[in-house]
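Summary of structural features
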Amino acid sequence: MPLSLQAGLWGLLSGSALILGAAVGYFARVPARLIAAIMAFGAGVLISALSFELMDEAWRRGGLNATAVGFLGGAAIFTFANLALARAGARHRKRSGAQQAGEEGSGAAIALGALLDGIPESVVIGVSLLGGQGVSLTAVIAIFLSNIPEGLSSSAGMRKAGRPAVFVLGMWAVIAALSGVASWVGYSVFSGFSPAVIAATQAVAAGAILAMLADTMIPEAFEETRDFAGLITVAGFLAAFALSRAGG
């Protein structure tokens, strides 16, 4: 099987967790505190993945300069795009409570917000194949695990805002499919670039993911779990770290 197709399928697999989480969040009455705890765990998983799978690898590929520029650039891109989406009514797209009901945002803004959150993660999967040693299973598993609470929390909030199941599940199905496309692009487009460009790309994804965590997932986690948010986040970090060491 061509590596580009493998990249797309791995991205689709990790994106499918969004649909799984969305279905649970929409149709099951999951307690808000449990959703927040899962969000905290997922945030810890992603922090570990971006630290050891993205930033470390980017530094090894392209050095500090390319990594630093990409990292700050990714955070800046996410921040300004997120500001634009917030003005369009998608500020609380990841919140599981009633916050979304108070926004007048369009479904398109929420969908674009979900795309903004998920695409950097998917590109990472495709780029991980460029090393010639196969896909980074640690990255795939970490992204899969973090996508479940993302879909769960967001869809629970959409349900409370009165959005129909067809819209919610349809949106996440499209995002999952685009995650596969993004992974395919990550491999196909960047396979011909220099190590410095690949490193900057990995760092851009890492910066965007960390900015997303600080802006959306961690506040949602802290709102309900409060004093336990840090402990649960650390548990998620440790789980992903142990996975990366076992795979290495």
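Residues numbered from 1 in each chain as written. Predicted model: local features only at pLDDT ≥ 70, side-chain atom pairs only at ≥ 80, totals over all residues. Heavy atoms only, no water.

**Some points on the pattern of salt bridges**
Put simply, the rule is: Each salt bridge in this description consists of a side-chain nitrogen of Lys or Arg and a carboxyl oxygen of Asp or Glu lying within 4 Å of one another. Runs of H or I in DSSP of at least four residues are treated as helices and runs of E of at least two as strands, each being numbered from the N terminus. To sort residues, take the accessible area from a 1.4 Å probe on protein chains only and compare it with the maximum for the residue type: under 20% means buried, over 50% means exposed, and anything in between is partly exposed.
What the rule picks out here adds up to two salt bridges. For R60, the salt bridge goes to D56, with nearest N and O atoms at 2.9 Å. Note that R60 and D56 are positioned in helix 2 (residues 32-90) at a spacing of four residues, about one turn of the helix. On the accessibility criterion, R60 (57% relative accessible area) is exposed. When its relative accessible area of 30% is taken as the criterion, D56 is described as partly exposed.

**Brief notes about the packing of helix 4 (residues 137-160) against helix 5 (residues 165-190)**
Helix-helix packing is described using two parameters, namely the angle between the two axes and the distance between the axes. The cut-off we apply is this: Note on geometry: axes are C-alpha line fits, over the in-contact stretch for helices, and angles between N-to-C directions span 0 to 180 degrees. Working rule for angles: under 35 degrees goes down as roughly parallel, over 145 as roughly antiparallel, 65 to 115 as roughly perpendicular, anything else as oblique. Note on convention: the crossing is left-handed when the near helix lies turned anticlockwise from the far helix by less than a right angle, right-handed when the turn is clockwise. The contact rule is simple, with two residues in contact once any of their heavy atoms fall within 4.5 Å. Note that Gly is not counted as nonpolar here; it falls among the polar residues with everything else outside the nonpolar set of Ala, Val, Leu, Ile, Met, Phe, Trp, Tyr, Cys and Pro and the charged set of Asp, Glu, Lys and Arg.
Following both chains from N to C, one finds helix 4 and helix 5 inclined at 155°, their axes separated by 10 Å at the closest point. Accordingly, the angle class assigned to the pair helix 4 and helix 5 is roughly antiparallel. Considering how the two elements wind past one another, helix 4 and helix 5 form a crossing that is right-handed. The residues of helix 5 that touch helix 4, namely those facing E150, G151, S154, S155 and M158, are F167, V168, M171 and W172. The class makeup of the residues in the contact of helix 4 with helix 5 is five nonpolar, three polar and one charged.

**A short note on the UniProt feature "transmembrane region" (unreviewed entry) in the protein**
Inclusion rule: UniProt positions are given in the numbering used here, feature names are shortened, and annotations may be inferred rather than shown by experiment.
When the UniProt feature table is mapped to this numbering, "transmembrane region" (unreviewed entry) covers residues 31-52, 64-85, 123-145, 166-187, 193-216 and 228-247. Helix makes up 95% of residues 31-52 and strand makes up 0%, while its end C-alpha atoms are separated by 32 Å. Its end C-alpha atoms 32 Å apart, residues 193-216 is made of 92% helix and 0% strand.

**Considerations on a nonpolar patch on the surface**
Quick note on the threshold: Residues with no salt bridge and a relative accessible area higher than 30% make up the patches, which join like charges within 9 Å and nonpolar side chains (Val, Leu, Ile, Met, Phe, Trp, Tyr) within 5 Å. The Shrake-Rupley method, run with a 1.4 Å probe, gives the accessible areas here. Residue values count only the displayed protein chains as cover.
A contiguous nonpolar patch, built from M1, L5, L9 and L12 and spanning about 390 Å² of accessible area, is present on the exposed surface. Looking at where L5 falls in the secondary structure, it is placed in helix 1 (residues 3-27).

**Considerations on helix 4**
Note the following rule: Residue count minus one, scaled by 1.5 Å, sets the expected span of a helix.
With 24 residues, helix 4 extends 35 Å from end C-alpha to end C-alpha; this agrees with the ideal 34 Å at 1.5 Å per step. Burial runs high along helix 4: 18 of the 24 residues are buried.

**Considerations on the side chain of S48**
As a reminder of what qualifies: What qualifies as a polar contact is a pair of N or O atoms within 3.5 Å, subject to a donor-acceptor requirement within protein and to the restriction that residues adjacent in sequence count only when both atoms come from side chains.
Residue position: S48 is located in helix 2. The class of S48 is buried, set by a relative accessible area of 1%. Polar side-chain contacts of S48 include one of 3.4 Å to the backbone oxygen of F237.

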